[in-house]
2 protein chains.
Amino acid sequence: MACATNAISLSLSSNPNSKLSSDFIPKLNRPVNVSLCASTSAELDPGRLFLSRPIGLSRRICANATPVMDQSVGERSSSVPTIVEVDLGNRSYPIYIGSGLLDQHELLQKHVHGKKVLVVTNTTIAPLYLDKVVDALTKGNPNVSVENVILPDGEKYKNMETLMKVFDKAIESRLDRRCTFVALGGGVIGDMCGFAAAAFLRGVNFIQIPTTVMAQVDSSVGGKTGINHPLGKNLIGAFYQPQCVLIDTDTLSTLPDRELASGLAEVIKYGLIRDAEFFEWQEKNMEKLMARDPDAFAYAIKRSCENKAEVVSLDEKESGLRATLNLGHTFGHVSNRNWVWIWRVATWRSCCSWHGYGC
Amino acid sequence: MACATNAISLSLSSNPNSKLSSDFIPKLNRPVNVSLCASTSAELDPGRLFLSRPIGLSRRICANATPVMDQSVGERSSSVPTIVEVDLGNRSYPIYIGSGLLDQHELLQKHVHGKKVLVVTNTTIAPLYLDKVVDALTKGNPNVSVENVILPDGEKYKNMETLMKVFDKAIESRLDRRCTFVALGGGVIGDMCGFAAAAFLRGVNFIQIPTTVMAQVDSSVGGKTGINHPLGKNLIGAFYQPQCVLIDTDTLSTLPDRELASGLAEVIKYGLIRDAEFFEWQEKNMEKLMARDPDAFAYAIKRSCENKAEVVSLDEKESGLRATLNLGHTFGHVSNRNWVWIWRVATWRSCCSWHGYGC
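Quantities reported herein were computed from a predicted structural model and do not represent experimental measurements. (Residues numbered from 1 in each chain as written. Chains lettered and ligands numbered in written order. Predicted model: local features only at pLDDT ≥ 70, side-chain atom pairs only at ≥ 80, totals over all residues. Heavy atoms only, no water.)

Some words on the relation of the copies chain A and chain B
Thinking step 1. For the pair chain A and chain B, the relating rotation is 180 degrees, the translation along its axis is 0.0 Å, and the fit reaches an RMSD of 0.0 Å. Interpreted geometrically, this transformation is the action of a two-fold axis.
Thinking step 2. In this assembly the copies share their binding face: 100% of the residues contributing to the interface of chain A also contribute to that of chain B. (Least-squares fit on C-alpha atoms with pLDDT ≥ 70 in both. Contact = heavy atoms within 4.5 Å.)

Dropping the structure here:
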């Protein structure tokens, strides 16, 4: 099957350790909504992924957010967080985005319920940000006590055995229904902490503090939580919304290049499948994003969260529309995988949608 | 602290193997709402539990149910189920109560979603009712396939290890989001199957078919699901409502006396803490209940479910009112335990309510 007009090519590296190269930036004359286009793997050039023809929503997004920033970037004050609202009735919550937000203690503290907090993080993030988060929770707020549980880092630990460590700690610390769980880390931590919060005493409050781009623009927003089963990913979990999502873009300074690349691919997804104007903006600002420009990142994250928030508001439990976002994870690994892998994942995700397995 | 007027005495046996005796029947001149009354264990007669003074709701219940039966019992047709509605907005569901309901296949089938069903039961109940339930699900409905998982019987198996067997079976059977889980058994099975349904693929439909009085009048209604943690009961779970509860009173014919007694104590609770008229009815009909009269039981279960449904409708997630029902579990073991045990449980439950642990 030949690909039609408006084809985009993403050059891919098959070296899993390679850093994001300029080849990763989409080349496009004008922004369009596009879709994967290939009937058999034999038609795909192993070094390039072809995309064409619209499948996503074509309308301009208008999420329940603060007014859209000027697309030129740079007028933003780092001290004032951008706020995107996820509109879910009595489960609505804000996403705060900006630089230095972990130093604005009142932001976090106003979403803490009760006097006991459990921070769930991992061995990579704890040395970097745990003390900062504990400060943010307790400064000027002496009545709050903070416990923590530090899990091993990595997708392979996203299982029931690791989850039980969170319950163990919560119960040993005598936390009650009025406590708050805080997820500090990437997508694995957010998913596990969220599910633990959903299931501990049949549900306690929780807050997301995502520290990777992937988690900031996707997994921390929308309440999909869970763990893996030996036979499949994310097969056990809950739809459970946080009290707020706090995205301090300063945490990106410590993010490895590979993680950054994966997250950027997730950002590109929103332009590809449902937001042409954002895609155009990405074309103009990709170099700033690659250089980790905080204002550019704040805007990219905000716009991504607006897209995600809108989809979640329309289809919280993934009965249809939200499943289209699962495609994005395919692109989330574009920079570090070869086309065969991508094709397999895309096919697998189609199967997931067909069979009702949302990841 | 002296107990005031309207004291009720429940004679207790310390022999865990004793059958329900007539001593178990409350003696009361007129129905009242009452509460536990004792300041120290030293004031309690080890053979008798004193109750006095109203704490529960004093108003007559008027749940969202079919018209209240005539209290004389006996006008009921066993072929027409009594229906009690649990009013929870878009999570509302019916409780069907009656004799021979498992032979009315359409009752069950109209609440099955999708074409795959997983029946979760245990080694005691499976030989008695599994085939009957499979028939009820599949007769005249050839498109539905039914899998089952048979768990070991007993509270000690209400843990994560056993729960994983349900997930294993669901995943091996390639169940998708459109499947239905069916809980066939007592409270342990209902709680575990309900939590498995809440967490499998972040939530699938489920149906409760409780086979003990305790489960029929309490644990199957209201959506409290969960498992135990080595450090405490029901600490991991979810509020998750079923599609329907189907109570076939014929299943009580195989219920051991001890289980029947525990369940009757749960029934008495509703009279004690919030329904004086029902308490009066119990006084008049206790002998019929002891003799397992199906019409008397259908009425007692209906009235209990009405009480439970009303409380659940007002306070689904146990933020206050619903916690008063936890007291009932204390009485649920009256017939087989001594007063020291009851006092400990009552104290423990008070602590649970205080600390936010609902059981």
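So that's the structure; there's more coming.
Notes on the nonpolar core
Thinking step 1. Phe181(A), Phe200(A), Phe167(B), Phe181(B) and Phe200(B) are the most contacted members of the largest nonpolar core, which has 63 residues in total.
Thinking step 2. Here this core takes 9 residues from helix H4 (residues 187-199) of chain B, the largest share from any one element.
Thinking step 3. Not counting residues up to four positions away in its chain, the partners in contact with Phe181(B) are Leu118(B), Val166(B), Ala170(B), Leu175(B), Cys193(B), Ala196(B), Ala197(B), Phe200(B), Val204(B), Asn205(B), Phe206(B) and Ile207(B). (Core = buried A, V, L, I, M, F, W, Y, C linked by side-chain atoms within 4.5 Å. Buried < 20%, exposed > 50% of the residue type's maximum accessible area, 1.4 Å probe, protein only. Helix = DSSP H or I, 4+ residues; strand = E, 2+ residues; numbered from the N terminus.)

Concerning unusual backbone geometry
Thinking step 1. Positive phi, normally seen in glycine, also occurs at Arg174(A), with a value near 55 degrees.
Thinking step 2. Counting through the fold element by element, Arg174(A) comes out in the loop between helix H3 (160-172) and strand E8 (180-185).
Thinking step 3. Note on Arg174(A): relative accessible area 66%, which makes it exposed.
Thinking step 4. Backbone geometry places Asn234(B), a non-glycine residue, at a positive phi of 55 degrees.
Thinking step 5. Along the polypeptide, Asn234(B) turns up in strand E11 (residues 232-239).

Concerning helix H3 (residues 160-172) of chain B
Residue and element names in this part refer to chain B.
Thinking step 1. The end-to-end C-alpha distance of H3, which contains 13 residues, comes to 18 Å, matching closely the 18 Å that a straight helix rising 1.5 Å per residue would cover.
Thinking step 2. Of the positions making up H3, those classed as buried are Met160, Thr162, Leu163, Met164, Val166, Phe167, Ala170 and Ile171.
Thinking step 3. Count one or two residues on from H3 and you reach Arg174, which has phi positive near 55 degrees. (Expected span 1.5 Å × (residues − 1).)

Quick word on the side chain of Arg202(A)
Thinking step 1. Structurally, Arg202(A) is set in the loop between helix H4 (187-199) and strand E9 (205-210).
Thinking step 2. Its relative accessible area of 6% is what places Arg202(A) among the buried residues.
Thinking step 3. Here the side chain of Arg202(A) touches Thr225(B) through a polar contact of 2.9 Å, landing on its backbone oxygen. (Polar contact = N/O pair within 3.5 Å; in protein donor to acceptor, adjacent residues only side chain to side chain.)

What about the sheet that holds strand E12 (residues 244-248) of chain B?
Residues and elements named next belong to chain B.
Thinking step 1. The mixed open sheet is built from 7 strands, whose spatial order is E4-E5-E12-E9-E8-E6-E7. Edge positions in the sheet fall to strand E4 (82-86) and strand E7 (145-151), since each has one partner strand and no second. Within this sheet the neighbouring strands show an average axis-to-axis angle of 20 degrees, counted without direction.
Thinking step 2. Note that strand E5 (residues 93-98) and E12 share 4 bridges and pair parallel. Across the sheet, the residue bridging to Gly98 is Asp248, located in E12.
Thinking step 3. The sheet strands contacting H3 are strand E6 (116-122), E7 and strand E8 (180-185), and the helix crosses E7 at an angle near 160 degrees.
Thinking step 4. Of the strands in this sheet, E4, E5 and E12 touch helix H8 (residues 294-314), which is tilted by about 10 degrees from E4. (Pairing = 2+ DSSP bridges. Axes fitted to C-alpha atoms, helices over the stretch in contact; angles between N-to-C directions.)

What about the packing of helix H6 (residues 257-274) of chain A against helix H8 (residues 294-314) of chain A?
Residue and element names in this part refer to chain A.
Thinking step 1. In the contact formed by H6 and H8, the axes pass within 10 Å of each other and the chain directions differ by 55 degrees. One way to sum up the angle between H6 and H8 is to call them oblique. Our pair here, H6 against H8, has a crossing hand that is left-handed. From H6, Leu260, Leu264, Val267, Tyr270 and Arg274 reach across to H8, where they touch Phe297, Ala300, Ser304, Asn307, Lys308, Glu310 and Val311.
Thinking step 2. For the contact of H6 with H8, the per-class residue count stands at 7 nonpolar, 2 polar and 3 charged. (Parallel < 35°, antiparallel > 145°, perpendicular 65-115°, else oblique. Left-handed = near helix turned anticlockwise from the far one by under 90°. Nonpolar A, V, L, I, M, F, W, Y, C, P; charged D, E, K, R; others polar.)

Re the domain arrangement of chain A
Residue and element names in this part refer to chain A.
Thinking step 1. Examined at the domain level, chain A breaks down into domain 1 (20-60 + 256-358) and domain 2 (82-252).
Thinking step 2. The interface is formed by 31 residues belonging to domain 1 together with 27 residues belonging to domain 2.
Thinking step 3. Approximately 2400 Å² of surface area, both sides summed, lies buried where domain 1 meets domain 2, with 68% of it carried by carbon and sulfur atoms.
Thinking step 4. A per-residue breakdown of the area domain 1 buries against domain 2 is headed by Ile301, Cys305 and Glu316, which together make up 23% of the total.
Thinking step 5. Taken together, the links from domain 1 to domain 2 amount to 3 salt bridges.
Thinking step 6. One salt bridge connects Asp218 with Lys269, and the closest N-O pair in it is separated by 3.4 Å.
Thinking step 7. Counting across the domain 1 and domain 2 interface gives 9 residue pairs in polar contact (both at pLDDT 80 or more).
Thinking step 8. Elements that contribute at least two residues to the side of domain 1 that touches domain 2 include exactly H6 and H8.
Thinking step 9. In terms of residue count, H8 provides more of the side of domain 1 that touches domain 2 than any other element does, 11 residues in total. (Domains from an automatic or database assignment. Buried area = accessible area lost by both parts, 1.4 Å probe. Salt bridge = Lys/Arg side-chain N within 4 Å of Asp/Glu carboxyl O.)

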